[in-house]
Amino acid sequence: MPHRTAKQVIKRRLVGTEGNERIKVLRDALTELPDYKNGPYADLRKWVTDQIEESRVRKKAVHRDTLAVRREGAAQVAFVGPPNAGKSSLLQALSAIQIKTGDYAFTTLRPVPALTRIRGVLVQLVEIPGLIAGAHEDRGGGRALLGVLRAADAIVLCHASTEPLATLDVIRGELAAAGIEKRCALAVTKLDEVDPSRVDELARASGLPAVGVSVLDDASLDALRAAIWELTGLIRVFLQAPGSDEAEAQALDPGATVVDAARTVHHELAASCTGARISGPSAKFPGQRVGREHVLADGDIVEIG
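Keep in mind that this is a model prediction, so the values were computed, not measured.

Observations regarding the overall build of the protein chain
No. 1: Of the regular secondary structure elements, the protein chain holds 10 helices and 11 strands.
No. 2: Overall, the C-alpha framework of the protein chain stretches about 80 × 45 × 35 Å when taken along its three principal axes.
No. 3: Split into buried and exposed, the 305 residues of the protein chain put 47% on the buried side.
No. 4: Within the protein chain, contacts between residues separated by at least 24 positions form 60% of all contacts whose residues are at least 6 apart in sequence.
No. 5: Surface summary for the protein chain: the accessible area is close to 15000 Å², and the carbon and sulfur share equals 51%.

A look at unusual backbone geometry
No. 1: The phi dihedral of N84 is positive, around 65°, even though this residue is not glycine.
No. 2: On the accessibility criterion, N84 (34% relative accessible area) is partly exposed.
No. 3: Non-glycine residue K190 carries a positive phi angle of around 55°.
No. 4: The exposure class assigned to K190 is partly exposed, which follows from its relative accessible area of 24%.

Topic: the sheet that holds strand 10 (residues 288–291)
No. 1: With mixed pairing, 5 strands are arranged side by side in an open sheet as 8-7-11-9-10. In this open sheet, the two edge strands, each paired with only one partner strand, are strand 8 (247–252) and strand 10. Each strand axis lies, on average, 35° off the axis of its neighbour in the sheet, ignoring direction.
No. 2: Note: strand 9 (residues 275–279) against strand 11 (residues 301–304), 4 bridges, orientation antiparallel. The residue of strand 11 that forms the bridge with I278 is V302.
No. 3: Each of strand 7 (235–240), strand 8, strand 9, strand 10 and strand 11 is contacted by helix 9 (residues 258–265), which is oriented at about 110° to strand 8, the strand it contacts most.

Observations regarding the pattern of salt bridges
No. 1: Per the counting criterion, the structure on display carries 11 salt bridges.
No. 2: With its nearest N and O atoms 2.8 Å apart, the salt bridge here joins D222 to R225. Note that D222 and R225 are positioned in helix 8 (residues 218–232) at a spacing of 3 residues, about one turn of the helix.

Observations regarding the packing of helix 1 (residues 3–14) against helix 2 (residues 19–32)
No. 1: Between helix 1 and helix 2, whose axes approach to 10 Å, the crossing angle comes to 160°. In this view, helix 1 runs roughly antiparallel relative to helix 2, as classed from their interaxial angle. As helix 1 runs across helix 2, the sense of the crossing is right-handed. Only R22, V25, L26, A29 and E32 of helix 2 make contact with helix 1, whose side of the interface consists of I10, R13 and L14.
No. 2: For the contact of helix 1 with helix 2, the residue count by class is 5 nonpolar, no polar and 3 charged.

Let's talk about the nonpolar core
No. 1: Judged by nonpolar contacts, the single largest core of 29 residues is most densely connected at F79, L90, L125, V156, L224 and I228.
No. 2: Elements represented by at least two residues in this core include exactly strand 1 (76–80), helix 4 (87–94), strand 2 (112–118), strand 3 (121–127), strand 4 (154–160), strand 5 (183–189), helix 8 and strand 8.
No. 3: In terms of residue count, the dominant contributor to this core is helix 8 (6 residues).
No. 4: Not counting chain neighbours up to four residues away, the residues in contact with F79 comprise K87, L90, L91, L94, L125, V126, E127, I128, V156, C158 and I228.

Topic: the environment of A29
No. 1: In this fold, A29 is placed in helix 2.
No. 2: The class of A29 is buried, set by a relative accessible area of 1%.
No. 3: Among residues more than four places away in sequence, those in contact with A29 are I10 and R13.

Here we look at the packing of aromatic side chains
No. 1: Enumeration according to the criterion identifies 1 aromatic pair in this entry.
No. 2: Relative to Y41, the ring of Y36 lies with its centre 6.1 Å away and its plane at 75°, an arrangement referred to as edge-to-face.
No. 3: For Y41, a relative accessible area of 13% corresponds to the buried category.
No. 4: Above the face of the W47 ring, K7 is positioned so that its terminal group lies 4.9 Å from the ring centre.

So, the pairing of strand 4
The side chains of a regular strand alternate between both faces of the sheet.
No. 1: Across the 7 residues of strand 4, 7 count as buried, placing the element largely inside the fold.
No. 2: With burial as the criterion, each face of strand 4 is covered, one bearing A154, V156, C158 and A160 and the other bearing I155, L157 and H159.
No. 3: The pairing of strand 1 with strand 4 spans 4 bridges and is parallel. Note on strand 4: the bridge partner recorded for F79 is V156.
No. 4: Sheet topology places strand 4 next to strand 5; 7 bridges connect them, and they run parallel. By the bridge assignment for strand 5, L157 is matched with L186.
No. 5: Traced from strand 4 through helix 6 (residues 165–177) to strand 5, the parallel crossover comes out right-handed.

Parameters at a glance
- One numbering rule holds for all chains: residues counted from 1, following each sequence as written.
- A pLDDT threshold of at least 70 governs which residues receive local features in this predicted model, and a stricter bar of 80 or more applies before side-chain atom pairs are shown or counted, although totals over entire chains, interfaces and linings include all residues.
- With hydrogens and water stripped out, all remaining heavy atoms of the structure feed into the side-chain values.
- Only runs of H or I of at least four residues qualify as helices and only runs of E of at least two qualify as strands under DSSP, and these elements are numbered from the N terminus.
- Exposure is judged per residue with a 1.4 Å probe applied to protein chains only, and the accessible area is read against the type maximum: over 50% gives exposed, under 20% gives buried, and values in between give partly exposed.
- By definition, residues are in contact when any of their heavy atoms lie within 4.5 Å.
- For every accessible area listed, the method is Shrake-Rupley and the probe measures 1.4 Å; residues are considered covered only by the protein chains on display.
- When DSSP finds at least two bridges between two strands, those strands are taken to pair.
- Lines fitted to the C-alpha atoms define the axes, with helices restricted to the stretch that makes contact. Angles between their N-to-C directions range from 0 to 180 degrees.
- Should a side-chain nitrogen of Lys or Arg be within 4 Å of a carboxyl oxygen of Asp or Glu, the pair is scored as a salt bridge.
- To sort the angles, those under 35 degrees are grouped as roughly parallel, those over 145 as roughly antiparallel, those from 65 to 115 as roughly perpendicular, and the leftovers as oblique.
- Crossing handedness is defined as follows: a turn of the near helix away from the far one that is anticlockwise and smaller than a right angle gives a left-handed crossing, while the clockwise case is right-handed.
- Each residue is assigned to one of three groups, with Ala, Val, Leu, Ile, Met, Phe, Trp, Tyr, Cys and Pro labelled nonpolar, Asp, Glu, Lys and Arg labelled charged, and all others, Gly among them, labelled polar.
- We call a set of buried Ala, Val, Leu, Ile, Met, Phe, Trp, Tyr and Cys residues a nonpolar core when their side-chain atoms join them within 4.5 Å.
- Stacked, edge-to-face and tilted labels apply to pairs of Phe, Tyr and Trp rings (six-membered ring for Trp) whose centres lie within 6.5 Å, assigned for plane angles under 30 degrees, over 60, and everything in between, in that order.
- Note on criteria: charge over ring means Lys NZ or Arg CZ within 6 Å of the ring centre, with the direction from the centre no more than 35 degrees off the ring normal.
- Seen with its strands pointing away from the viewer, a crossover is right-handed if its path from the first strand over the helix to the second goes clockwise.

Everything listed here is a matter of geometry and, on its own, says nothing about what the molecule does.
So this is what it looks like as structure tokens:
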């Protein structure tokens, strides 16, 4: 059997396996490979050996009591999907983080957080290691991973464009079994490998808003950023110091008031502020003077004082 074919056979055997089961499959595969000291089969044996070690590390990591991620930024959005759905590549493309990526499952062993700036606001993205069937029953350390998801504000389901919908259904079924309901969108990854019509097909079949994305296409990444911002459910206002032309974007919950905006600067400013000058959607005219309980709108420029 050609070494490339042998590698593909091993990968197929690994799908849906984890922990001791995954290690056993890899060890069995190792015994079936020719024991050459050099050449492609020697490289393949090294790859299998490395996979065994990574599986041992993952087995220890996912069974710790907690995998909690410290929250940063205005919102936390989790990237969720099966192994090898392109989550790591997306996270790397959307942020400055450097992550080990590979064309095999379980490259990421623990949740990976990264901050990115979307529309001027810092948002925390968290890649959740690949979920598998039975995660809600703790297969593959799934309970700890699902526990991380409970703290997230929203979820981006990552689904490789080349995979059948059934793969996505498994992940959604695990979330449902765990009682996790969050605002959710579908990122159809690896779009450069299929016809773009695949995005609409998956959107209709899943009933989710879908964005086709390729890490090689900046426009698709911008579309994903826009979808992530919509998932946060936040509004942006621009805080401007009196006499300054510069404004800093600040994320607030819908329905936030002038005093809520002041509180993001300092609690003393919130206590002392009597109102603000507003320009933007919530103002009747540029520079309108409003009271501290004035409800702000997305895009407002706010000068507190």
